[in-house]
Amino acid sequence: MANPIKTRAADLRESDHFYPRELSWLSFNERVLQEAADESVPIIERLRYLGIFSNNGDEFFRVRVAEVRRLISVSSGSNRQYFKDLLVAILDRVAELQQEFDRIYSVIMQELARRKIYLINERQLDEGQAQYVQDYFSERVLPELEPILLREDRAIPALNDESIYLAVDILSGDSYNYAVVEVPTDRLERFVEIPRRKGKGGKVFIALDNVIRACLPQMFRGVIPVDEAQAYCFKFSRDAELEIDTGITQSLIDKMAKSLKQRKKADAVRMVYDSTIPQRLLDHLCTRFGFGKYDSLIAGGRYHNSKDFMSFPNVGPKYLEHKPLPQIRVERLECENSIFDAIRDKDVFLYYPYHPFDYVVDFLKTAALDPDVTDIKICLYRVAKNSRVIDALVNAVDNGKRVLAVVELAARFDEEANISWAQRLTENGINVIFGIPGLKVHSKLILIERREGGSRRYYSHIGTGNFNEKTARVYTDFTLMTYDQNVGKDVYNIFDFLQYNYRRPDYRLLLVSPHSSRPGLLALIDQEIENARAGYRAEMTLKCNNLVDRELVKKLYEASAAGVQVHLIVRGMCSLLPGVKGLSDNIQAISIVDRYLEHPRVYVFYNRGNPRYMIGSADLMTRNLDFRVEALVPIFDQDAQEMMQGILDQQWHDNVKARVLDADLSNAFADSKKKGARIRSQESIHRYLSTGKLPRFPSSRMRVPAKRRRKKAGL
């Protein structure tokens, strides 16, 4: 197996033909910020986009920047200089985006005030409001606070990088005392509604950190005489990489729990702080926290953890947020017959959040009760807090079924939740396994084994999204439920591999990482290249979250040179440079950011008019193809293919929320003048799935039989 650090370094160094993925990721976050700036977006949604931008930024530092810092530490010579220069470029771009964030934030606050929704600070309280805040602090906030006095003779306890802190500057006579206190947003709402001013209308909120600022002396009453006290917000981002040794003296859960504790003490890769903090206090914090020269110290505004805006309530009219799109029921799944009958009759193909996730829960609940079902197998990566999926699995055991759950403990930032789920599942008699060392299990699989006519038959689920009721309402994802026994045997073999990973299965139809996804996708691209060189029209549409694998990018450049038309719909990182003369003339790329998070992985190859459609969990990233267990399944059902093509066509012709990805990643919106009708794909798709009617745009040629081009005379 390739060394991932060396592979990663090679990816970063081929800069002539590859856009650094970190800078590409920042370009994606810029698209999120564009939504916050868009005046046509409802104002509460714009505020929530600021929250998404901030949340993305936290993860970016914990994962991407932390990795670049590690690459600096393990490299030498020109490689080391390259990564140092990359880190400088990252920080410069982050600073630019933060400036734009601050500008948009100011505009949004003004717009909210115009609609009589106010977010005020402790200095703007009138007498009645101040008394309310004092009472709220005494009753609700003070019992939750655990301030830490900074003493030279005592080490600072590890601080949580998911929290915000106040650095408290206390003047006592002629001397200063310093303290830090966590703002308890995990137990109290970040935004506290308080009474409005007398004679004034509207809704008034104050941030929890400002409630604390208003009452600082009370925290230290009887401990330190406080003449003056000021508080300045700061937060950390720590390296999120987990170190799990391969010893056999601990169970994997124990190792993971130990590693999570170590993460809390991991190197801080960023500290964001209030720019008005006194220099002596900032110097004291930096010294005590041991920041080095490759750490990112970023001065910002008064508030941090703007990710909390993601849950800011709409206290005004309904039009201040997106009008909900009603979920579309599938008529043949609404009948009284078993869902197994429906799947046996015809593949079930769903697209969330337009279709309800309830059908997957029904699939599991029916299996739990059906006396002919013997076994249920499932891969769990991220599940909802109150998971009906877990409830159905427990119920299946109570009804005498054998249940196997593959739980991925290393699902980043969900590790602790997955440890808890694994323990609950085990306690309820479910056979829990944790996959394969060195390979994350990211596939979205369910296999139901059922006795029918004296033989064992398979009902399979392969999807692009997690078994998570919450994210299924805000992420777009495809799901296939099928009775195809060849698919079922492949899914069975994946679970067999996960249990007995010394075996190398043969797969009939599925492309499975780390075994066959890479060679399978390369073969499909090669077929289009061969068709183009033979004089036939050749085309492909690839929709994914990220396209950064070096070999696949090179193969797409080769396809472009051969005359293959390549359409890319990439939500996030894209290392490929589209539309570069002599390199990628025939490659076009877009990215869509709208009310839902685009999440499917869909790969469509023209195949001379007999298109091949595949969906699954694998992005076009080295980790997904070589270091994870992923599954891509072909879609054979004609109605499902037609639905997929209709959805992809609308996204490709989106001229409202699509951004063109070019070699400079300038994020220009798609040109609406050349495409006729105004198409906002996430909304037009809802109409399409409800009525079957497509908007007006050039019809797809994906199903038109290919004709061989005539060679020009004299050639």
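## Describing the confidence of the model for the protein
Inference 1: Overall, the predicted model of the protein reaches an average pLDDT of 89, with 90% of residues at or above 70.
Inference 2: Note on residues 242-250: pLDDT under 50 across the span, and 18 contacts to partners over four residues away in sequence or across chains.
Inference 3: Across residues 259-266, confidence stays below pLDDT 50; counting only partners more than four residues off in sequence or on other chains, it has 23 contacts.

## A short note on the packing of helix α18 (residues 638-652) against helix α19 (residues 681-691)
Inference 1: Running from N to C, α18 and α19 cross one another at 150°; their axes reach a closest spacing of 9 Å. Comparing their axes, α19 and α18 come out roughly antiparallel. Between α18 and α19 lies a crossing of right-handed hand. Listed contacts from α19 to Glu642, Met643, Gly646, Ile647, Gln650 and Gln651 of α18 are Ser681, Ser684, Ile685, Tyr688 and Leu689.
Inference 2: Across the contact of α18 with α19, the residue classes break down as five nonpolar, five polar and one charged.

## Some thoughts on unusual backbone geometry
Inference 1: Following Tyr352, the chain continues to Pro353 via a peptide bond in cis, the omega torsion being 0°.
Inference 2: Looking at where Pro353 falls in the secondary structure, it is placed in the loop between β10 (348-352) and α11 (358-369).
Inference 3: With an omega of 5°, the peptide bond between Ser513 and Pro514 qualifies as cis.
Inference 4: By the element assignment, Pro514 lies in the loop between β18 (511-513) and α15 (517-533).

## Comments concerning the sheet that holds strand β6 (residues 203-207)
Inference 1: Taken in spatial order, the three strands of this open sheet run β1-β6-β5, and their pairing is mixed. Pairing within the sheet leaves two strands with one partner each, and these edge strands are β1 (117-120) and β5 (191-194). Here the average twist between neighbouring strands, direction ignored, is 35°.
Inference 2: Of the strands in this sheet, β1, β5 and β6 touch helix α5 (residues 127-141), which is tilted by about 130° from β5.

## A look at the environment of Phe340
Inference 1: As for its placement among the helices and strands, Phe340 is situated in helix α10 (residues 339-345).
Inference 2: Note on Phe340: relative accessible area 0%, which makes it buried.
Inference 3: C-alpha separation for the pair Phe340 and Arg450, spaced 110 residues apart in sequence, amounts to 9.8 Å.
Inference 4: Apart from the residues within four sequence positions on either side, Phe340 is in contact with Phe363, Thr366, Ala367, Asp370, Val373, Ile448, Arg450 and Tyr459.

## A closer look at the nonpolar core
Inference 1: Phe349, Ile494, Phe495, Leu498, Ile615, Ile635 and Leu689 are the most contacted members of the largest nonpolar core, which has 53 residues in total.
Inference 2: Dropping the residues within four chain positions of it, Ile635 is found in contact with Phe349, Leu480, Tyr613, Ile615, Ala640, Gln641 and Met644.
Inference 3: Counting residues in each nonpolar core, the second largest holds 46 residues, with Phe363, Leu364, Val432 and Tyr483 among its members.

## Looking at helix α4 (residues 77-114)
Inference 1: Compared with an ideal rise of 1.5 Å per residue, which puts 38 residues at 56 Å, α4 spans 56 Å between its outermost C-alpha atoms and is within 8% of the ideal.
Inference 2: Considered for burial, the residues of α4 that qualify are Tyr82, Phe83, Leu86, Leu87, Ile90, Val94, Leu97, Phe101, Ile104, Ile108, Met109 and Leu112.
Inference 3: Looking one or two residues past α4, Lys116 carries a phi angle of roughly 65°, positive in sign.

## As for the packing of aromatic side chains
Think of a pair of aromatic rings as described by two things: how far the centres are apart, and how the planes are tilted against each other in angle.
Inference 1: Enumeration according to the criterion identifies 21 aromatic pairs in this entry.
Inference 2: With a centroid separation of 5.6 Å and 80° between ring planes, the pair formed by Tyr82 and Phe83 is classed as edge-to-face. Of the two residues, Tyr82 and Phe83, both sit in the buried class.
Inference 3: Connected via pairs of aromatic rings, a cluster forms that spans Tyr105, Phe191, Phe205, Phe309 and Phe312.

## Considering the pairing of strand β24 (residues 612-616)
Inference 1: Here β24 lies mainly inside the structure; four of its five residues are buried.
Inference 2: Note that strand β23 (residues 601-605) and β24 share five bridges and pair antiparallel. The partner of Phe605 across the bridge, within β24, is Arg612.
Inference 3: Hairpin remark: β23 followed by β24, antiparallel, with six residues in the connecting loop; positive phi at Asn607, about 55°.
Inference 4: With three bridges connecting them, β24 and strand β25 (residues 628-634) associate as antiparallel partners. Each bridged residue has a counterpart across the sheet, and for Ile615 the counterpart in β25 is Val633.

Basis of the calculations
- Residues numbered from 1 in each chain as written.
- Predicted model: local features only at pLDDT ≥ 70, side-chain atom pairs only at ≥ 80, totals over all residues.
- Heavy atoms only, no water.
- pLDDT = per-residue confidence, 0-100.
- Contact = heavy atoms within 4.5 Å.
- Axes fitted to C-alpha atoms, helices over the stretch in contact; angles between N-to-C directions.
- Helix = DSSP H or I, 4+ residues; strand = E, 2+ residues; numbered from the N terminus.
- Parallel < 35°, antiparallel > 145°, perpendicular 65-115°, else oblique.
- Left-handed = near helix turned anticlockwise from the far one by under 90°.
- Nonpolar A, V, L, I, M, F, W, Y, C, P; charged D, E, K, R; others polar.
- Pairing = 2+ DSSP bridges.
- Buried < 20%, exposed > 50% of the residue type's maximum accessible area, 1.4 Å probe, protein only.
- Core = buried A, V, L, I, M, F, W, Y, C linked by side-chain atoms within 4.5 Å.
- Expected span 1.5 Å × (residues − 1).
- Phe/Tyr/Trp six-rings, centres within 6.5 Å; stacked < 30°, edge-to-face > 60°.

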